Amino acid sequence: MKEINWKTKFEPFKIKMTEPVAVTTYAQRLEALKKAFYNPFNIPAEKVTIDFLTDSGTGAMSQTQWGAMMSGDESYAGAKSFYRLRDVITLITGCKYVIPVHQGRAAERILMGVIASTKPAQTIVSNAHFDTTRANVEANKMEALDIPVKEAYEFGKAAPFKGNIDIAKLKKVIKERGAKNISLVIMTVTNNTMGGQPASMANIRETSAICKAAGIPMFLDCARFAENACFIKQREKGYANKTPLQIAQEMFSYAQGAWMSSKKDALVNMGGFLAFREDTTWTQKSREALILGEGFLNYGGMSGRDMEALASGLIEGLDENYLNYRLESTRYLGEGLLKAGVPIINPPGGHAVYIDVKKFLPDFKQENFPAQSLVCHMYKMGGIRTVEIGTLMFGKRDAKGKWMAADMELVRLAIPRRVYTKSHFDYVIEVMAHIAKNKKDIKGIAVSWAPQALAHFSAKLREVK
Ligand SMILES: Cc1ncc(COP(=O)(O)O)c(C=O)c1O
């Protein structure tokens, strides 16, 4: 008999607890959208059928994680839950000095504050800073410079590692500005800002070598390190027989430190950490900033039970069956959309599918916010909540207050972990196929009111007649 090893690509888990999703009528959705001023951030979650707003903190925990929470040690100092978490983080990252925080941006606030206090007016270079990372760099009066590879901007063209840093540009920046003016190089894995695309091991290794030669520390912003490791296993020569943990360990071995928004690949709803390989001035100052702003060294921004769930989630998030399912389900949604006539950033990333709205709606008037118009239409037609990455999000206005078109008009469908099944994805694909055939029904959007900063979160919008 020939043995068959079935590849489990979908849902390597059973469902033990359920949560209802809203099944709504067109009239109900229209009313909810109007009440929300055409801004889905204002729609109550219970009126959303499929919530693709974000993959951050929206995943489902396992029975192991819920079970571990019961043994959370809530001692203020020396909690065993902290030591368990520290040991798991050290196993994966090789970093012995662990600072627990409540979420990713707390780690960024601490680290960027420490860097700016030791060396003001510096440049921080990255394959692409995530919004909160950039905001924390700039809040500390430093410059955040993105140097992704050029393939990252070629949305329709597939390439395996669009999340890479541009090595030639990195060398040029170091030469032109001088290594002493660059405090840090950040490899964001996967590269969220550029479509959740992975960085290759070769690119991480080479970046590390260049930084080492120039005396610049390199850190990983590792919110989605496990998805990145799985992409390396699937796409990079020499890694097919390595485990995701072994690959992750190699990725981290090239860095002097890392921080994580654990709300992503660590499968928890809240949590994070900052970790250092050596006990340096940055490490010591970060400990001081932790106590000042988050909490004591052994819990920071988390309770003992949070640290238990996180320690378990970090291990589970590296499970190969889970990771195969995760990347496969994102790919399934992306390819389903492509087949339905919806152009996307190709190939799909790890955690999200991005619709290329400029290509989808080439004749849509730019001043009518094409991506936000599609976001609203997707809710109206199918109760699907997504987010605009375009003119509203980038929010630049001229001196007269007129909105200036952003370079990209994207709609992001971010996929919560272990939450939706294949039938939910099929439903989304069906709704999108209908939208693709009836594009003329999509109404433009105008801004009634918007705050000066971060407009997309709270802007009040209206439909254009
Ligand atoms: C790459 C990356 N870094 C940092 C953050 C910030 O983390 P948090 O939302 O936990 O503060 C995020 C959140 O989406 C992210 O994707």
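Quick notes on the rules
- Residues numbered from 1 in each chain as written.
- Predicted model: local features only at pLDDT ≥ 70, side-chain atom pairs only at ≥ 80, totals over all residues.
- Heavy atoms only, no water.
- Domains from an automatic or database assignment.
- Buried area = accessible area lost by both parts, 1.4 Å probe.
- Salt bridge = Lys/Arg side-chain N within 4 Å of Asp/Glu carboxyl O.
- Helix = DSSP H or I, 4+ residues; strand = E, 2+ residues; numbered from the N terminus.
- Nonpolar A, V, L, I, M, F, W, Y, C, P; charged D, E, K, R; others polar.
- Near = heavy atom within 4 Å.
- Polar contact = N/O pair within 3.5 Å; in protein donor to acceptor, adjacent residues only side chain to side chain.
- Areas by Shrake-Rupley, 256 points an atom, 1.4 Å probe, with all protein chains shown as cover.
- Contact = heavy atoms within 4.5 Å.
- Buried < 20%, exposed > 50% of the residue type's maximum accessible area, 1.4 Å probe, protein only.

You can read the domains of the protein as domain 1 (26–55 + 320–463) and domain 2 (63–316). Here the C-alpha centroids of domain 1 and domain 2 sit 28 Å apart. When the two sides are added together, the surface that domain 1 and domain 2 hide from each other amounts to roughly 2200 Å², 57% of it contributed by carbon and sulfur. For Glu 227, the salt bridge goes to Arg 326, with nearest N and O atoms at 2.8 Å. Top element by residues in the side of domain 1 that touches domain 2 is helix H12 (residues 320–339). It accounts for six residues. Its residues assigned to classes, the side of domain 1 that touches domain 2 shows 10 nonpolar, five polar and eight charged.

With respect to spatial proximity, 13 residues lie near the ligand, and among them Gln 103, Arg 105, Arg 224, Ser 261 and Lys 264 are the closest. At 2.9 Å from an oxygen atom of the ligand is found a side-chain nitrogen or oxygen belonging to Asn 192. In the model, an oxygen atom of the ligand is placed 2.9 Å from a nitrogen or oxygen of the Arg 224 side chain. Alone, the ligand offers 390 Å² of accessible surface; in the complex the protein occludes 96% of this. Here the residues of the shell around the ligand are counted per class, giving one nonpolar, six polar and six charged.

Here we come to the environment of Leu 85. Relative to the assigned elements, Leu 85 resides in helix H3 (residues 80–93). A sequence separation of 21 residues divides Leu 85 from Thr 64, and the C-alpha atoms of the two residues are 15 Å apart. When neighbours within four sequence positions are excluded, Leu 85 is seen to be in contact with Met 302, Met 307, Leu 310, Ala 311 and Leu 314.

One can expect most non-glycine residues to show negative phi and most peptide bonds to be in trans. A cis amide bond links Val 189 to the next residue, Thr 190, at an omega of -20°. In this fold, Thr 190 is placed in the loop between strand E5 (182–188) and helix H7 (201–214). Residue Pro 347 follows Asn 346 across a cis peptide bond; omega there is -5°. With respect to the helices and strands, Pro 347 occurs in the loop between H12 and strand E9 (352–356). Not every positive phi belongs to a glycine, and Ala 121 is a case in point at roughly 55°. Within the element layout of this structure, Ala 121 appears in the loop between helix H4 (104–118) and strand E3 (123–126). On the basis of relative accessibility, which here comes to 63%, the residue Ala 121 falls in the exposed class. Look at Lys 141: it is not a glycine, yet its phi comes out positive at around 60°. For Lys 141, the position within the fold is in the loop between helix H5 (131–139) and strand E4 (143–146). Using a relative accessible area of 70% as the deciding quantity, one classes Lys 141 as exposed.

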